[in-house]
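Chain residues, written in single-letter form:
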Amino acid sequence: MAIPGNMLSPATESMDPTYTGWRPRLNCSLLSATGGRNGAKTLAVKSNAAGDAQAETVTGYPIVAGQTYQVFADASSATEPERIGIEWLDATYTPVGSVLWSLTTSAASASWHRIGVAGTAPVGAVRARIVLSSTAGGAAVPHYWENIYLGPPVRTTGNLYSFGTESSEIDASGWMPEVNATISRQAPPVSWAVDWYWAGGQVLAATVIAAGNAAITSVERPAVTPGVEYLGYAYLAPPTTSAVTWVEIRFYDAANNQIAATRSVLAAATTGFQRQRVSAAAPAAASSARLAVGIDGATAGQVLRLEQAVISVAPVLQAGSVLPYADASFEQGIAGWTTTTGVATLARSAPWGAYAYDGSYALTITSTTATASTIRSARFPLPAGSGGLGFRLRYTATVTAGGWSSSRGIRWYDATGTDLGLTKFTDSGLPASGWWLLGTDQTAPAGATQAAVEWTFTATAANSALRIDRVALWQALPVMTVEVREPTASVTLTARELAVGALLRVTRVTSSGARTLVRGPAALYDGTVVITSDLVVVEDYEAPLGVPVYYIVDIIDATTGAVESRTSSQATIPHQDRNWAWLKDPGNPQRNMLVMVQRAPDWQRPIEQSAYVVRGRRNKVVLSGRRQGLEGDLAIWTLSDDQRAALHWLLDSGNVLLWQAAPGMGVSDTYVNVGQIGEERTDGTAMEQMRAWTLPLTEADIPVTTGVNGSAGRTWIDVLAEFATCSGLIATYDTCEDLLLDHRAR
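Summary of the structure given here. None of these values were measured; they are calculated from a predicted model.

Rules of the game
Residues numbered from 1 in each chain as written. Predicted model: local features only at pLDDT ≥ 70, side-chain atom pairs only at ≥ 80, totals over all residues. Heavy atoms only, no water. Salt bridge = Lys/Arg side-chain N within 4 Å of Asp/Glu carboxyl O. Helix = DSSP H or I, 4+ residues; strand = E, 2+ residues; numbered from the N terminus. Buried < 20%, exposed > 50% of the residue type's maximum accessible area, 1.4 Å probe, protein only. Pairing = 2+ DSSP bridges. Axes fitted to C-alpha atoms, helices over the stretch in contact; angles between N-to-C directions. Polar contact = N/O pair within 3.5 Å; in protein donor to acceptor, adjacent residues only side chain to side chain. Core = buried A, V, L, I, M, F, W, Y, C linked by side-chain atoms within 4.5 Å. Contact = heavy atoms within 4.5 Å. Phe/Tyr/Trp six-rings, centres within 6.5 Å; stacked < 30°, edge-to-face > 60°. Lys NZ or Arg CZ within 6 Å of the ring centre and 35° of its normal. Expected span 1.5 Å × (residues − 1).

Quick notes on the pattern of salt bridges
When the charged atoms of two side chains lie near each other, side chains of opposite charge can form a pair. Under the definition given, this model contains 30 salt bridges. Among the salt bridges present, the one from R508 reaches D540, with a minimum N-O distance of 2.7 Å. Linking R508 in strand β35 (residues 503-510) with D540 in strand β38 (residues 536-540), this pair joins segments that are 32 residues apart in sequence. Residue classification places D540 among the buried residues on the basis of a relative accessible area of 2%.

Following this line, the structure appears as structure tokens:
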């Protein structure tokens, strides 16, 4: 599995099929070993004698001085700790300064564990090399390595924090002591999933000075928007499972005064790293925010470790849901939920990770008697004009003791807070085991502007327990809609209420019955794409012009293979002028353009043939291959310098293009490769902007592995978190498109 953004080749990263990208540097020999996770093979660095044993990449990788680079690897050794380093090199491969080393891991570990370091390339450096190091106690001591990365810092998309605050790979300067603590960095041998690239090898350590409460905070205070709900989280490793450790999100006004704080306490299951979340809406006067972490009632010398600190806009658990994250996922408590009648008690589940459908906790409902209890949420504002519209309530539930029956519904309120009544659905009983998705559809009464979720749960036995998680309430919109966008000759398909974790297949169907898979961000939606959100927006730039089409969305159960199919309404992309045609890049729709057609191709279809003359026979014997696709020259005009530049931009990549002519012109939509182009002035004068072009076309197959390029969730928030000045952007990205797609020059 190639690490995104890695400068190393897949073989040098994974050691599969072998370690050709590596060589001995000091006191070692290299062997190919098994037992890897990123592929079957690993690199074994075997010491020649006692002492430091080092291996290095064969080549140095191009870098830009002044830019920050990160390196990490997974290592394994039952006997020796290790470290990893970046060696900066000039154009002659001469080292620039000393090797930038990580901390040495605090102990040896035979389990795969992460080591890493990051730093800024010094002036004069144009290349970088990775160095692996371990100190052997004797000869023939092996050390194993795999899953190695070199590239720009791997940071959480959407994080308001810069990499230096999110991670401790550079230093500890992104954090400062607040109460009774000192800050340092450590390198414990922590095992992370092979594809969890956001964890480095060095973690932040807050050490308690004296008995009592202790806390540290980030130095950085990123800007926030009032009224927006934010999610903060960090991986915490408490000193003991009984230690009261927490993460807190704090909001500040423009004068840097703290005006609000929300704390979330970790219910530790182990002393390992556990991600603790906290969420809150920014108050009206909020200008910035920061995270704090701490430990209450600590003893002197206790250490709280921290990894991957994030503040981001809170995730949407269900598109359009009116419930805040805290009330929907129960990560920091029971939020605004209360028991209005009955004996049922409400609490957040414990410990961390024991019960959860989203995040790490769930709402626990316990009844000591076999009676009914009513549970109600806080009131949440509805979208304007909700009266008379349909709403959908959905949540997940699991019975963990006894038994339950339920009535699930929505209580409505007007703008003055007047109760407009409860609409509900009553079922016979909840399933006895496993997580189940439950819900109901209800219609908001006239005048409804607020709503609360209300359940009546009846325990069928004493001491019954029920867990609830991922609660959502939203206006029930059509599960599929299509919208034609004439300026871009595309169709936007919106599919709602998809099953997260299932597989997705999207097919375009024309009026003739022809079926074609639709393109997504990675490749075609062919039934192997995992659904990561209940809402998917597909922009189909390859739909035919002037022809009615509709879409079939197949939701495929990843375990059983069962298929749920949905069919959209029809849509037709209009095309007004037959003199113009579209040239489109399937992977880069931002480059698509209309061109004026001078002459359509006179097609040829070449074929490989060999002719043989047989003595005594009148006719030759001809051996033929299969006749090939269409070939011909498309003659077009561009009318301005801007069009000319746009056509060069479209053709520069050499990608397979889609040519779409107006309906009725006798030309089908055709995927083509464009050969050596000709560009001529139409009247010979230097001032004339019009150009005549000859584009040699060769018919191609539809590109099946090409995805639609996009920002992959990146926004200006991510850009501002990474770059302090425009000069940094200019040094990193050659074009605005490279900035959009995060295609870095080095």
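That was the structure; now back to the text.
So, the sheet that holds strand β14 (residues 203-208)
Spatially, the five strands line up as an open sheet ordered β13-β14-β21-β16-β19, and their pairing is antiparallel. The sheet is open, and its two edges are formed by β13 (181-186) and β19 (274-281), each paired on a single side. Between one strand axis and the next, the sheet turns through 30° on average, direction left out of account.

Considering the environment of N159
Structurally, the position occupied by N159 is in the loop between β11 (142-151) and α2 (163-166). By relative accessible area, which is 0% here, N159 ends up buried. Taking C-alpha positions, N159 is 22 Å from D327, a pair spaced 168 residues apart along the chain. Reaching out from N159, the side chain makes a polar contact with the backbone oxygen of A309 at a distance of 3.1 Å.

So, unusual backbone geometry
Negative phi values dominate among residues other than glycine, just as trans dominates among peptide bonds. Cis geometry is found at the peptide bond from D16 to P17, where omega equals 5°. Inspection of the secondary structure puts P17 in the loop between α1 (10-14) and β1 (22-26). For the bond running from A350 to P351, omega is 0°, close enough to zero to count as cis. As for its position among the elements, P351 is in the loop between β23 (345-348) and β24 (363-367). With a phi angle near 55°, A335 is a residue other than glycine that sits in the positive phi range. Examined against the element boundaries, A335 turns out to sit in the loop between α3 (325-329) and β22 (338-341). Taking relative accessible area as the criterion, A335 reaches 46% and is therefore assigned partly exposed.

As for the nonpolar core
Residues I365, W455, F457 and I468 are the most contacted members of the largest nonpolar core, which totals 39 residues. Counting residues per element, the ones that place at least two in this core are β16 (229-237), α3, β24, β27 (390-401), β28 (404-413), β31 (450-459) and β32 (464-475). Excluding anything up to four places from it in sequence, I468 contacts F330, A362, L363, I365, Y395, T396, A397, W435, W455 and F457.

Overview of the packing of aromatic side chains
Taken as a whole and judged by the stated rule, the model has 18 aromatic pairs. Ring centres 6.3 Å apart and planes at 70° place the aromatic pair W196 and Y235 in the edge-to-face group. Here Y235 lies in strand β16 and W196 lies in the loop between β13 and β14, a separation of 39 residues in the sequence. Aromatic pair W337 and W455: ring centres 4.7 Å apart, planes at 10°, arrangement stacked. Of the two residues, W337 sits in the loop between α3 and β22 while W455 sits in strand β31, which places them 118 residues apart along the sequence. Taken individually, W337 and W455 each receive the classification buried, so the pair is uniform in this respect. The ring of W246 has R263 lying over it, and the distance from NZ or CZ to the ring centre is 3.6 Å. Positioned over the ring face of Y413 is R379, at 4.6 Å from the centre of the ring.

Side note on the sheet that holds strand β34 (residues 490-495)
Spatially, β33-β34-β38 is the arrangement adopted by the three strands of the open sheet, whose pairing is antiparallel. Looking along the sheet, the strands with just one partner apiece sit at the ends: β33 (480-485) and β38. Neighbouring strand axes in the sheet, compared pairwise and without regard to direction, differ in orientation by 15° on average.

What to know about the side chain of S377
With respect to the element layout, S377 can be found in the loop between β25 (372-376) and β26 (380-381). If we skip the residues at most four places from it in the chain, S377 touches G336, W337, A452 and V453.

Quick notes on the environment of I84
Checked against the element boundaries, I84 lands in strand β7 (residues 82-89). Residue class for I84 comes out buried when judged on its relative accessible area of 0%. Put simply, I84 and S102 are 18 residues apart on the chain and 5.5 Å apart in space, counted from C-alpha to C-alpha. Residues contacting I84, with those up to four places away along its chain left out, are V71, F72, A73, L100, W101, S102, I115, G116, V117, I130, V131 and L132.

Notes on helix α4 (residues 641-652)
The first and last C-alpha atoms of α4 sit 16 Å apart over twelve residues, in line with the 16 Å expected at 1.5 Å per residue. Buried-residue contacts for α4 involve β41 (580-584), β42 (593-599), β45 (631-638), β46 (657-660), β47 (670-674) and β49 (691-699).

Brief notes about the environment of Q450
Within the fold, Q450 resides in strand β31. For Q450, a relative accessible area of 17% corresponds to the buried category. Sequence separation between Q450 and A121 is 329 residues; the distance between their C-alpha atoms is 55 Å. Residues within four places of Q450 in sequence aside, it is in contact with R379, F380, P381, L382, R411, W412, Y413, D414, A415 and G417. At 2.9 Å, the side chain of Q450 and the backbone oxygen of D414 are in polar contact.

Remarks on the pairing of β46
Residues L657 and W659 line one face of β46 and the alternating positions L658 and Q660 line the opposite face, and both faces are buried. In the sheet, β41 pairs with β46 via three bridges, with the strands oriented antiparallel. Counterpart to K584 in the pairing with β46 is L658. Of the pairings in the sheet, the one linking β46 to β47 comprises three bridges and is antiparallel in character. Looking across to β47, one finds that L658 is bridged to Y671.

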